[in-house]
Amino acid sequence: MAKPVVQRKYTLGERIYLVEILKGLGLTWKHFIFNFRASLKPGPHTVPTCWQYPWDRREIAPVFRGEHMLSLDEKGREKCIACGMCARVCPAQCITVKKGKVKEGEEEKYAGKFYPASFEIDLLRCIFCGFCEETCPKSAIVLGQGYELAQYEGKECIITKERLINNFKAALDSGNLKPPRKKVPVAGAKEKKSLKSGDKKGSKAQEA
Amino acid sequence: MALKDSVSRLLQNDLIALEESAGCIFAEVPKDKIVSCLSSLRDELGFNFLSDIVGVDNSALYEAKAKKAKKKKDKEGEENETPEPERPALPRFEVIYLLLNPDTNERLQVRIRVPEDDLKVQSITSLWKGANWPERECFDMFGIRFEGHPYLRRLLMWDEFPAHPLRKDYPLEGMGEERHLIYEPEGEGHWT
Amino acid sequence: MNEWTIAIIKVVFIWSWTLLIATIMTWVERRGSALIQDRLGPNIAGPFGLFQPLADGIKLFTKEEFAPKHAHKILFTLGPVLFAIQAFSAYAVIPFGDKIVINAKEIVLQVADVNIGFLFVLAVGSLAVYGFVVGGWGSNNKYSLLGGLRATAQLLSYEVPLGLAMLAVCMTYGSFSLREISLDQAGTFLGFLPNWGIFKQPLGFLVFIVAAYAEANRVPFDLPEAESELVAGYHTEYGGMRLGLYLFGEYVNLYTLSALMVTIYFGAWHIPYVDMSSYLGPLAYGIVSFLVFFLKCAFFLWLFVWVRWTIPRFRFDQLMGLGWKSLIPLGLLNLFVTAFLIQITV
Amino acid sequence: MGPVKQRIASEDYVTINVGPSHPAMHGTLRAIAYVSGETVLGTDLEIGYLHRGVEKLGENLTYHQFIPITDRLNYCSAIANNVAYEMAVEKLMGVEVPVKAQLIRIIMTELSRIADHIVLVGILGVDLGAFTPFFYLFIQREEIYEIFEWYNGARLTNTFGRIGGVESDLPEDFETRWHELKKGLEKAIDETDKLLTHNRIWMDRTIGVTPISAEDALSWGFTGPCLRACGVKRDLRKDEPYSLYSQFDFDVPTGKHGDVFDRYMIRMIEMQESMKIIDQAFDLYKQLGPNEPLMAKVPKIIKPPEGEVYHAIESPNGELGFYIKSDGTDKPYRIKIRPPCYMIFQAFDELIQGEMISDLIACLSSLNIIAGELDR
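Residues numbered from 1 in each chain as written. Chains lettered and ligands numbered in written order. Predicted model: local features only at pLDDT ≥ 70, side-chain atom pairs only at ≥ 80, totals over all residues. Heavy atoms only, no water.

Chemist: What am I meant to see in the overall build of chain B here?
Modeler: Assigned secondary structure in chain B consists of 4 helices and 7 strands. Looking at chain B as a whole, 47% of its 192 residues qualify as buried. Taking contacts inside chain B between residues at least 6 apart in sequence as the whole, the part at least 24 apart equals 57%. Accessible surface, chain B as shown: approximately 10800 Å² in total, 49% of it carbon and sulfur. (Helix = DSSP H or I, 4+ residues; strand = E, 2+ residues; numbered from the N terminus. Buried < 20%, exposed > 50% of the residue type's maximum accessible area, 1.4 Å probe, protein only. Contact = heavy atoms within 4.5 Å. Areas by Shrake-Rupley, 256 points an atom, 1.4 Å probe, with all protein chains shown as cover.)

Put into structure tokens, the structure is as follows:
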């Protein structure tokens, strides 16, 4: 293979290095002065493009897909009905749900007839795709804004139901709750039927 | 379609099947004539760009089909007296060459079928330099040997790897090959 | 105070001074580059992050001193030591101010006023090659070796234009002594320009500054340690204080070169059109001359940083081409023109 | 020993490992360079360090579940991968995607194209020693990621779109964000241009380095900017206009020599062209009402009819194709990904024969090799 021969003419300005280098120096000097002035301001967020992390946090999008939470309804009851849709749809298979039947006298705690006896998410496997949130019929599982997920031990990365609910409570207190998902308009169709049948199938499969 | 006509005219007897699926045209040619077919396609129809080479293991598909057919048979029971004539079993593997004509922007997929007992295909690295790695990958994943390839070696898996992972009989979780590679500290300190 | 005490005080002073500058330079480099690049840089340790170099130093000192298994143990240690020794000793003949009068005793602000100052700087400066090549060879690593080789070729090639430029200066001022050249730069030239080397030797200065960048292994000539090609070049295998010696040595070299540039091209401690000694007392004059000299150096130190974060890196053959095909002819031309001008003016 | 060893007659060489862990390596690749002095005689390439069996994984996941996996192919422009895969499945199913969803896809794909080109230009600068443009560009990339984050909550691995459409509408403040971003991008591109393009050092380092002729490039299977740099005007957005690309007015820049400089320039121009496309797409988008459909009517569990399909789109790197074979179940029978840089990288050995070690790095950067996509 013969390599093509490349010939390109340089202009005089390009030929003698210095002109372009001086231009470049001017450009970087402008940036330097701008940032130097900015950096003298008080406060952690001085240079506009630089966030000083622990003291200075950028705004997280309300739809951010961070650490999961299990939401409660207005009466403080658990929304989750342990249908197992999230576990089935998860590409990383990081969710395990155990189903429990709501006994009499426990209706104040749980919104549905069934409740998750245990609900574990393996954060080490989770890829934060948000499919669980999207598929949940009761919008019980929500991906919140928590992003500081580092732990000292692998065991701690498997988060349990208590932590999931605590996450929700914390978000509720701080007012960072995710707005409810807007319904996606579908081209000329009634989606309701298929949705419901999907639910039934899911719950049946879980029972089996 | 014009493309179909010209392909069938060009390949004539070499053409085993010419089918269309979801807007893509698949031409099937005999395995031994792949080099001549591709070179004539390249030189005469202008398909001078090779997009990729795809290997497919059809064994699971055939099995599923056979099962279905058997079920059907069982259901229909003995009413259907005349059994279907036994078709010769299709070869297990197929290799698909994805071709492109950069001038007319037509795409043509050329398929060959490779039986399991004769995993040898003529290499097309003489036609396209770019066929080098796709053929190596095909060998790596399916064990199809490309004869005349300058350097047929595993590409993605390591050299000592014993199996061909994209075959359908290879389990998703692997067969434990990685044990040789990963150092596992014994006892405490390892959290799993 | 006798001569010896004064000499020792001067040596200790300049030793700690260059070390201080080198330390601060690491901070300037990091903060400066950060601000150029829309970042903030280290600003946690101390006011404006000024204690960052201290923290870095502590880190380097407390790190485990280890050598790779296959490294040549002696050469591996000798490399950084050689480099640091040459870096610190090169400053000996360069002045850092005019003179200071204490107790009616005149002290020249220069460690040693050698009458072959130029030759000393060049000779000691070229010892840096040993630091690189010994370290690179001793590491027993291909990247290090290539880095060392690159450094050798580069330093040796660029010493020639550096020498040529300096030679032209010597011819202009008729002396090899850096102090005499400094003293000669007072007053004006052609009536309106300051009597600085740069106005007498503009082309020579250009050659000198480019060669100086190459000698200091700075961008665009940082090929020996080009991190994207050779990992870290000659100091790939180094860690701890051995690495620290290389890094400090580099900044000390920068200071030396800046001081040299100021001494021979930018009028040393002189302020143009102002004769300081007539306004100030002897002690104050000494201090002011020292400060002026330092400020001029500081500008060039900053220039080193500034250029580094602006332009890309040369390729090896282009580097050699620039040295041998452009700078040396230019240096020679400069030399001939200078000689000619001297011949017709004298 | 590799083929290079067989080719080199003399014993006068040193092997240098460039990668898998090397500061200039884009992901974990390995190139064993046979070096004589500073000249590279050839390289043995080894890939597969990041092989995760994506294709095998695809055979065991449902069609929807595979979307997040495609994020991990070319992580610099995850959205382009998502869209390519979704379009292939849609083609297989014969689904018509609503116009609004297509527009959103185009906007997002072009944004990710800009992000990808930013990575390339920035890293090319870093590899050649110019550190500063990298930051000016990456700040803008951060803004692009911010838009992604406000769209569907993820920055890098977006899991964008669903089979049959997209999952949500553009956020309300998209317009202001986009205009801000556009201003910043134009400034950053301009500054990069000022710092690099006409700088003699940069020109020397890139012009005439690892050129390739158009015939060779086609034979090797080059696509995308690397092919256009050789002077072949080939862009799937123009040549096989998928989605709504035929409605937009944009140029396809071509180079002449196929050297590093041309590849760099093509990317610089393409960023501006992409901005044009986004503007036009957003104008069209604004004409649509808020309740326009975003999803085509697709069943909840996707079961394409039996058949096979190959569909390719113009990803930032070149032709990104998905071959999907369906057996009628809810899982694909076979997925083959045709990553653009896979075909490009095999020419690497030929490209850099006789060049220098520094050029090896420059060439590697300019080809935009992404290990995630290369090894799959």
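Chemist: Sorry if this is basic, but what is going on with helix 2 (residues 52-62) of chain C here?
Modeler: Along an α-helix, a turn takes 3.6 residues, which lines up residues three or four apart on a common side. All names here are of chain C. By the burial criterion, the buried members of helix 2 are Q52, P53, G57 and L60. With its buried residues spanning 140° around the axis, helix 2 presents them on a single face. Counted as exposed and oriented over 90 degrees from the buried face of helix 2: L54, I58 and T62. Those residues of helix 2 hidden inside the fold are in contact with helix 1 (3-36) and helix 10 (240-265). (Arc of directions from axis to C-beta.)

Chemist: Help me understand the sheet that holds strand 3 (residues 114-122) of chain A, please; the structure alone is not making it clear to me.
Modeler: Backbone hydrogen bonds hold the strands of a sheet together, and the pairing may be parallel or antiparallel. Residues and elements named next belong to chain A. The 3 strands are arranged 2-3-5 in an open sheet whose pairing can be described as antiparallel. Edge positions in the open sheet fall to strand 2 (95-101) and strand 5 (158-159), since each of these has one partner strand only. Two elements, strand 3 and strand 5, share 2 bridges in a ladder whose sense is antiparallel. Among the inter-strand pairings, I121 is bridged to a residue of strand 5, identified as I159. Across the sheet, helix 5 (residues 161-174) lies against strand 3 and strand 5, angled at about 90° from strand 3, the strand it touches most. (Pairing = 2+ DSSP bridges. Axes fitted to C-alpha atoms, helices over the stretch in contact; angles between N-to-C directions.)

Chemist: Hey, could you run me through the pairing of strand 2 (residues 24-28) of chain B in this one?
Modeler: The two faces of the sheet receive side chains in turn, since in a regular strand these alternate between them. All names here are of chain B. Of all 5 residues in strand 2, 5 are buried, a share of seventy percent or more. The loop that links strand 1 (residues 17-21) with its antiparallel partner strand 2 comprises 2 residues; one of these, A22, has a positive phi angle of about 50°. Direction of pairing for strand 2 relative to strand 5 (residues 106-114): parallel, over a ladder of 3 bridges. When the sheet's bridge partners are listed, F26 is paired in strand 5 with Q109.

Chemist: What should I look at first to understand the packing of aromatic side chains in this one?
Modeler: In this description, an aromatic ring pair is defined by two values, namely the gap between the centres and the angle between the planes. Counted by the stated rule, this structure contains 54 aromatic pairs over all chains. Between F13 of chain C and W17 of chain C the ring centres are 6.2 Å apart and the planes differ by 10°, which places this aromatic pair in the stacked class. In this pair, F13 of chain C and W17 of chain C are both assigned in helix 1, 4 residues apart and thus about one turn of the helix distant. With a relative accessible area of 34%, F13 of chain C lands in the partly exposed category. Of the residues examined, W17 of chain C reaches a relative accessible area of 16% and is grouped as buried. Ring centres of W196 of chain C and F266 of chain C lie 5.8 Å apart, and the angle between their planes is 65°; on these two criteria the pair is classed as edge-to-face. Here F266 of chain C lies in the loop between helix 10 and helix 11 (276-279) and W196 of chain C lies in the loop between strand 4 (193-194) and helix 8 (197-200), a separation of 70 residues in the sequence. In terms of burial, W196 of chain C and F266 of chain C fall into one category: buried. We note K99 of chain A situated over the ring of F114 of chain A; from NZ or CZ to the ring centre the distance is 4.4 Å. Geometry around W150 of chain D places R177 of chain D over its ring, the cationic atom sitting 4.6 Å from the centre. (Phe/Tyr/Trp six-rings, centres within 6.5 Å; stacked < 30°, edge-to-face > 60°. Lys NZ or Arg CZ within 6 Å of the ring centre and 35° of its normal.)

Chemist: Can you help me understand the interface of chain C and chain A in this one?
Modeler: Interfaces are often described in size by the accessible area the parts lose on coming together. With 19 residues of chain C in contact, the opposing surface of chain A contributes 20 residues. Approximately 1600 Å² of surface area, both sides summed, lies buried where chain C meets chain A, with 76% of it carried by carbon and sulfur atoms. When the area that chain C buries against chain A is broken down by residue, the three leading residues are L35, D38 and L40 of chain C, summing to 36%. Summed over the shared surface of chain C and chain A, the number is 0 salt bridges. At the boundary of chain C with chain A, the tally comes to 8 residue pairs in polar contact (both at pLDDT 80 or more). Looking at the side of chain C that touches chain A, the elements that each hand over two or more residues are helix 1 and helix 12 (282-308) of chain C. Broken down by element, the residue count for the side of chain C that touches chain A peaks at 4 residues, all from helix 1 of chain C. Here the side of chain C that touches chain A is built from residues that sort into 13 nonpolar, 3 polar and 3 charged. (Buried area = accessible area lost by both parts, 1.4 Å probe. Salt bridge = Lys/Arg side-chain N within 4 Å of Asp/Glu carboxyl O. Polar contact = N/O pair within 3.5 Å; in protein donor to acceptor, adjacent residues only side chain to side chain. Nonpolar A, V, L, I, M, F, W, Y, C, P; charged D, E, K, R; others polar.)

Chemist: Would you take a moment to explain the packing of helix 5 (residues 99-127) of chain D against helix 15 (residues 357-367) of chain D for this structure?
Modeler: Residue and element names in this part refer to chain D. Contact geometry of helix 5 with helix 15 gives a least axis separation of 9 Å together with a crossing angle of 175°. Taken together, the axis directions place helix 5 and helix 15 in an arrangement best described as roughly antiparallel. Together, L120, I123, L124 and D127 of helix 5 and I361, A362, S365 and S366 of helix 15 make up the contact between the two elements. Residues belonging to the contact of helix 5 with helix 15 are distributed by class as follows: 5 nonpolar, 2 polar and 1 charged. (Parallel < 35°, antiparallel > 145°, perpendicular 65-115°, else oblique.)

Chemist: Mind showing me how you'd approach the side chain of E215 of chain C here?
Modeler: Residues and elements named next belong to chain C. Along the chain, E215 falls in helix 9 (residues 202-215). Although buried, E215 forms no salt bridge, and the nearest oppositely charged side chain, R218, lies 14 Å from it. Apart from the residues lying within four places of it in its own chain, the contact partners of E215 are L155, Y158, E159, L162 and L257. (Lys, Arg positive; Asp, Glu negative; His and termini not counted.)

Chemist: Is there a simple way to explain the environment of I278 of chain D in this structure?
Modeler: Tracing the backbone through its elements, the reader meets I278 of chain D in helix 12 (residues 260-287). Residues I278 of chain D and L170 of chain D, spaced 108 residues apart in sequence, show a C-alpha to C-alpha distance of 13 Å.

Chemist: Whenever I open this one, unusual backbone geometry confuses me. Can you help?
Modeler: Among all residues save glycine, negative phi is the norm, and among peptide bonds the norm is trans. Within the chain, N105 of chain B stands out as a residue other than glycine whose phi angle is a positive 60°. According to the relative accessible area criterion, N105 of chain B is partly exposed, its value standing at 21%. Notably, N217 of chain C is not glycine yet its phi reads approximately 60°, a positive angle. Tracing the backbone shows N217 of chain C in the loop between helix 9 and helix 10. A residue is classified by how much of its surface remains accessible, and N217 of chain C, at 2% relative accessible area, is buried.

Chemist: Before we go on, may I ask you to explain the packing of helix 9 of chain C against helix 13 (residues 316-345) of chain C in this structure?
Modeler: Residue and element names in this part refer to chain C. Where helix 9 contacts helix 13, the axes come no closer than 9 Å and their chain directions differ by 150°. Taken as a pair, helix 9 and helix 13 cross one another with a handedness that is left-handed. Between helix 9 and helix 13, the contacting residues are L203, G204, V207, V210 and A211 on the first element and L322, L327, L330, G331, L333 and N334 on the second. Residues belonging to the contact of helix 9 with helix 13 are distributed by class as follows: 8 nonpolar, 3 polar and no charged. (Left-handed = near helix turned anticlockwise from the far one by under 90°.)

Chemist: I would appreciate a short explanation of the interface of chain B and chain D in the present structure.
Modeler: The partner chain D presents 49 residues to the 49 residues of chain B that form the contact. Each partner contributes to the roughly 4000 Å² buried at the junction of chain B and chain D, and carbon and sulfur atoms together form 56% of this total. Among the residues of chain B in contact with chain D, K129, W133 and L156 of chain B are the three that bury the most area, contributing 18% of the side total. Our enumeration of links across chain B and chain D arrives at 11 salt bridges. In this structure, R107 of chain B engages E240 of chain D in a salt bridge whose closest nitrogen and oxygen atoms are separated by 3.1 Å.

Chemist: Would you mind going over the nonpolar core with me for this structure?
Modeler: Grouped burial of nonpolar side chains is what soluble globular proteins tend to show. Counting 200 residues, the largest nonpolar core has F208 and Y265 of chain C together with Y85, M108, L111, F322 and I324 of chain D as the members making the most contacts within it. Sorting elements by how many residues they give to this core places helix 5 of chain D first, with 15 residues. One finds L11 of chain B together with A347, L351 and I369 of chain D within the second-largest nonpolar core, a separate group that totals 85 residues. (Core = buried A, V, L, I, M, F, W, Y, C linked by side-chain atoms within 4.5 Å.)

Chemist: Help me understand the pattern of salt bridges, please; the structure alone is not making it clear to me.
Modeler: Charged atoms that come close allow side chains of opposite charge to pair. Tallied over the entire structure, the rule returns 66 salt bridges over all chains. When the shortest N-O distance is used, the salt bridge between R111 of chain B and E94 of chain B registers 2.6 Å. You can see R111 of chain B sitting in strand 5 and its partner E94 of chain B sitting in strand 4 (residues 93-101), a full 17 residues away along the chain. When sorted by exposure, R111 of chain B lands in the same class as E94 of chain B, which is buried. A salt bridge links R242 of chain C to E65 of chain C; the nearest nitrogen and oxygen atoms lie 3.5 Å apart. Of this pair, R242 of chain C sits in helix 10 while E65 of chain C is found in the loop between helix 2 and helix 3 (73-89), placing the two residues 177 residues apart along the sequence. For R242 of chain C, a relative accessible area of 15% translates into the label buried. Owing to a relative accessible area of 37%, E65 of chain C belongs among the partly exposed residues under this scheme. One salt-bridge network, in which partners are shared between bridges, spans E19, E28, E94, R111 and R113 of chain B together with E308 and K325 of chain D.

Chemist: What am I meant to see in a nonpolar patch on the surface here?
Modeler: Among the surface-exposed residues, F36 and L40 of chain A together with F48, L50, F51, L54 and I58 of chain C lie close enough to one another that they form a single nonpolar patch of about 730 Å² accessible area. Assignment of secondary structure puts L54 of chain C in helix 2. A relative accessible area of 57% places L54 of chain C in the exposed class. (Patch = residues over 30% accessible without salt bridge, like charges linked within 9 Å, V, L, I, M, F, W, Y side chains within 5 Å.)

Chemist: How should I be thinking about the confidence of the model for chain A in this particular structure?
Modeler: Close inspection of predicted coordinates is inappropriate for parts of the model with low pLDDT. The share of residues in chain A with pLDDT of 70 or more is 88%, and the mean pLDDT across the chain is 78. Here residues 190-208 of chain A is modelled with pLDDT under 50, and outside its nearest four sequence neighbours on either side it reaches 16 contacts, counting other chains as well. (pLDDT = per-residue confidence, 0-100.)

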